[in-house]
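Letter by letter, the chains look like this.
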Amino acid sequence: SQKYPFILIPMLRPYLITLFLLLGTCHAWATHNRAGEITYRNLGGLMYEATITTYTVPDSPADRPELPLDWGDGHIDTLLRSNGGGMGEIIAPGIKKNTYIGVHLYASLGTYCMSMEDPNRNSGVINIPNSVDVPFYIETCVTISPFTGNNSSPVLLNPPIDLACVNERFEHNPGAYDPDGDSLSYALVTCLGLEGQEIGDYSIPGGVNMDPVTGTLTWLYPLQQGEFNFAIQITEWRSGILIGTVLRDMQVNVLACDNRPPIVETIDEICVEAGDSVGFPVIAHDPDGNPVILTATGGPLEVANPAIFTQPVYDSDTASSWFHWDTECSHVQLQPYTMLFRAEDEPASNQPELVDYHTVFITVIGPAPKNPEANPQGNTIILDWDASVCQDVTGYKIFRRIEEYGFIPDTCETGVPAYTGYAQIGSTTGLNSTHFVDDDGGNGLILGREYCYMVVACFDNNGGAESYASIEFCTELKRDLPIITNVSVRNTHPENGSMDVVWSKPTELDTIQIPGPYEYHLYRTDNVAGNEIQIATLTGLNDTIYVDTLINT
């Protein structure tokens, strides 16, 4: 530098200018991610389609026409933005929605976590200090297993951007619908940053809670203006096994405003037998007298032959509608469907719109097997019933107890509950497998007892759902066999002892079909299997007493 002072500096100048421009634009390229999530659907076998959805600041220079997706198995693809002609869509002032879709074939079974990291979050997020310098990271996991079958992630029907007022109740619900009918649970977790690590200084404000069943996030009450981010983890369960998670990173903008949220009023849950209709009113009103917009999302609106949510009737500060669903066998599933009703008010122009959510759980249950019969035959009972009207029934379970219970199921009570004293004794496979022989596992049933039964239809392809139980049906074995009623010591002696053996004769013997003649053959054993010996032959049906002599009693 001393030898070439005038040469070195001009040579460095363009590089210094370039470096300055790069440093100066770093934050401009890093101020755009507000919210987002990754969802996926199974295309068959090990083939999956993933969708990255982000919500960004529209006028940020850091617009992303493409994003990287790490599939979790060592492969990373670059996905092109597909919505809005590749430009994204402005869905509200200051909010752009972007979707990126890709397809991937996994090489083997396993658990894989798809992830996307993009620098950076928008600036000024209150509960993420220096958010402009924190990368935006979202992650979704799937377990591919032969024991749980193919799986698609829940679909989130409500966008992850909302407004709130200082000191007013706030609610948000992702509106998750699972196309496979799996059970969903919800939890608030820490937002993630660089390389999927928890953001160190992240905090959840006081008064924020998540309902683990309905998925509604409630904030009582925001105390500070500004933007806040929350991470909601949605977990999928199938037959009690965790099969996937979706992490939604959402944003709430708290404003200084004088507005109260509307209120939705309707039922909380209902059960319906497949083939029947379900209907109920939904009413929303606003405590400030503002007009209200009432909408609905949920699984019943997404299935084949969906439910109907009628066009709401608006009257000043009230909106009313009617939910109606003509259910059918294809709607049967183990988990209840979730209907989410959302009311949004329309205050004066200088006030933000606020919302209220109400979740309704609707369970569609398979009809009970009809016309069951029990017919005794020898020391067995033959069971028959009609095939279910539901073609996707995969088989039946058979339950038994001694003596009738008088079971009348509740409208939401499926199968045969243990408190009835019934126990499962067998099952059949297939829609038309409607015949079962009860021989007590080969031991034979006992004369003189009343045996009662109930049958349940199974929907193994619908998450393991069970139908309502059939009516109880009972019978006794026919008394067409002799029954030993008494064995007692007549004389005690080590060699010259004797026993009285008494039995009852058959009282329901079909003497036309089996005309005789008849004999009783009496056997004795020393309790060692296979050592039975015949000790007497008695002719006719009326001789039912025998004295066994010359034995050690």
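This text gives an overview of the structure that appears in the document. (Residues numbered from 1 in each chain as written. Predicted model: local features only at pLDDT ≥ 70, side-chain atom pairs only at ≥ 80, totals over all residues. Heavy atoms only, no water.)

## A word on the sheet that holds strand β15 (residues 217-219)
And step 1. In spatial order, the strands read β11-β15-β14; together these three strands make up an open sheet with antiparallel pairing. Each edge of the open sheet is held by one strand with a lone partner, namely β11 (170-172) and β14 (208-210). The average undirected angle you get between the axes of adjacent strands in this sheet is 15°. (Pairing = 2+ DSSP bridges. Helix = DSSP H or I, 4+ residues; strand = E, 2+ residues; numbered from the N terminus. Axes fitted to C-alpha atoms, helices over the stretch in contact; angles between N-to-C directions.)

## A few points about the state of the cysteines
A covalent bond bridging the sulfur atoms of two cysteines is what the word disulfide describes.
And step 1. Applying the stated rule across the entire model yields five disulfides.
And step 2. Between the sulfur atoms of C452 and its disulfide mate C474 the distance is 2.0 Å. What sets the handedness of the C452 and C474 disulfide is the S-S torsion sign, and at about 110° it is right-handed. Taken together, the positions of C452 in strand β32 (residues 450-459) and C474 in strand β34 (residues 473-476) put the pair 22 residues apart, joining distant regions of the chain.
And step 3. The class of C452 is buried, set by a relative accessible area of 0%.
And step 4. Assigning the bonded cysteines of the chain consecutive numbers by sequence position, one obtains the connectivity 1-2, 3-4, 5-8, 6-7, 9-10.
And step 5. Unpaired in terms of disulfides, C191 finds its nearest cysteine sulfur in C141, a separation of 16 Å.
And step 6. Judged by relative accessible area, C191 falls into the buried class, the value being 0%.
And step 7. Between C458, a cysteine without a disulfide, and C390, which holds the nearest cysteine sulfur, the sulfur-to-sulfur distance is 12 Å. (Disulfide = S-S within 2.5 Å. Buried < 20%, exposed > 50% of the residue type's maximum accessible area, 1.4 Å probe, protein only.)

## Examining the nonpolar core
And step 1. By size, the foremost hydrophobic cluster in this structure holds 47 residues, and its most contacted members are F323, W325, F341, L383 and Y453.
And step 2. Breaking this core down by element, the ones donating at least two residues are β20 (277-285), β21 (292-298), β24 (318-326), β25 (337-345), β26 (355-365), β28 (380-384), β29 (395-402) and β32.
And step 3. Top element by residues in this core is β32. It accounts for five residues.
And step 4. Each residue touching L383, except ones within four places of it in the same chain, is listed here: E373, A374, I398, T434, H435, F436, Y453 and F473.
And step 5. Membership of the second largest hydrophobic core comes to 29 residues, among which are A164, V166, M210 and L247. (Core = buried A, V, L, I, M, F, W, Y, C linked by side-chain atoms within 4.5 Å. Contact = heavy atoms within 4.5 Å.)

## Observations concerning the side chain of R64
And step 1. Among the structural elements, R64 can be located in the loop between β2 (47-56) and β3 (66-70).
And step 2. Reaching out from R64, the side chain makes a polar contact with the side chain of D118 at a distance of 2.8 Å.
And step 3. Polar contacts involving the side chain of R64 include one to the main-chain carbonyl oxygen of P119, which spans 2.7 Å. (Polar contact = N/O pair within 3.5 Å; in protein donor to acceptor, adjacent residues only side chain to side chain.)

## What to know about the packing of aromatic side chains
And step 1. By the definition in use, this model includes 16 aromatic pairs.
And step 2. Connected via pairs of aromatic rings, a cluster forms that spans Y40, Y48, W71, Y106 and Y112. (Phe/Tyr/Trp six-rings, centres within 6.5 Å; stacked < 30°, edge-to-face > 60°.)

## Digging into the pattern of salt bridges
And step 1. Tallying each qualifying case throughout the model produces 19 salt bridges.
And step 2. Note that E227 is salt-bridged to R34, the shortest N-O span being 2.8 Å. Of this pair, E227 sits in strand β16 (residues 226-238) while R34 sits in strand β1 (residues 33-44), and the two are 193 residues apart along the sequence. An identical accessibility class is assigned to E227 and R34; each is buried.
And step 3. Close ionic contact of D162 with R342 constitutes a salt bridge, the shortest N to O distance being 3.9 Å. Taken together, the positions of D162 in strand β10 (residues 161-165) and R342 in strand β25 put the pair 180 residues apart, joining distant regions of the chain. Take D162 and R342: they sit in the same class, and that class is buried. (Salt bridge = Lys/Arg side-chain N within 4 Å of Asp/Glu carboxyl O.)

## Digging into the environment of P222
And step 1. Of note, P222 is situated in the loop between β15 and β16.
And step 2. Sequence spacing of P222 and Q333 is 111 residues, and the spatial spacing of their C-alpha atoms is 39 Å.
And step 3. If we skip the residues at most four places from it in the chain, P222 touches A164, C165, V166, N167, E168 and V254.

## Regarding the sheet that holds β21
And step 1. On the basis of which strands lie adjacent, the open sheet formed by four strands has the order β19-β26-β25-β21 and mixed pairing. Looking along the sheet, the strands with just one partner apiece sit at the ends: β19 (269-273) and β21. Shown here is a sheet whose adjacent strand axes are inclined to one another by a mean of 20°, direction ignored.
And step 2. Taken together, the seven bridges between β21 and β25 define a ladder with antiparallel strand orientation. Looking across to β25, one finds that I293 is bridged to E344.

## Considerations on the pairing of strand β35 (residues 483-491)
And step 1. Here seven bridges tie β35 to strand β36 (residues 497-504), and the two strands are oriented antiparallel to one another. Bridging from a neighbouring strand, I483 pairs with S504 of β36.
And step 2. Taking the residues that link successive antiparallel strands as the turn, the β35-β36 hairpin has five residues.

## Comments concerning unusual backbone geometry
And step 1. The omega torsion across P119 and N120 is 0°, close enough to zero to call that bond cis.
And step 2. Among the structural elements, N120 can be located in the loop between β7 (110-118) and β8 (136-144).
And step 3. In this structure, the amide linkage connecting L220 to the following residue, Y221, adopts the cis form with an omega of 0°.
And step 4. As for its position among the elements, Y221 is in the loop between β15 and β16.
And step 5. One non-glycine residue with positive phi stands out, namely N371, at about 55°.

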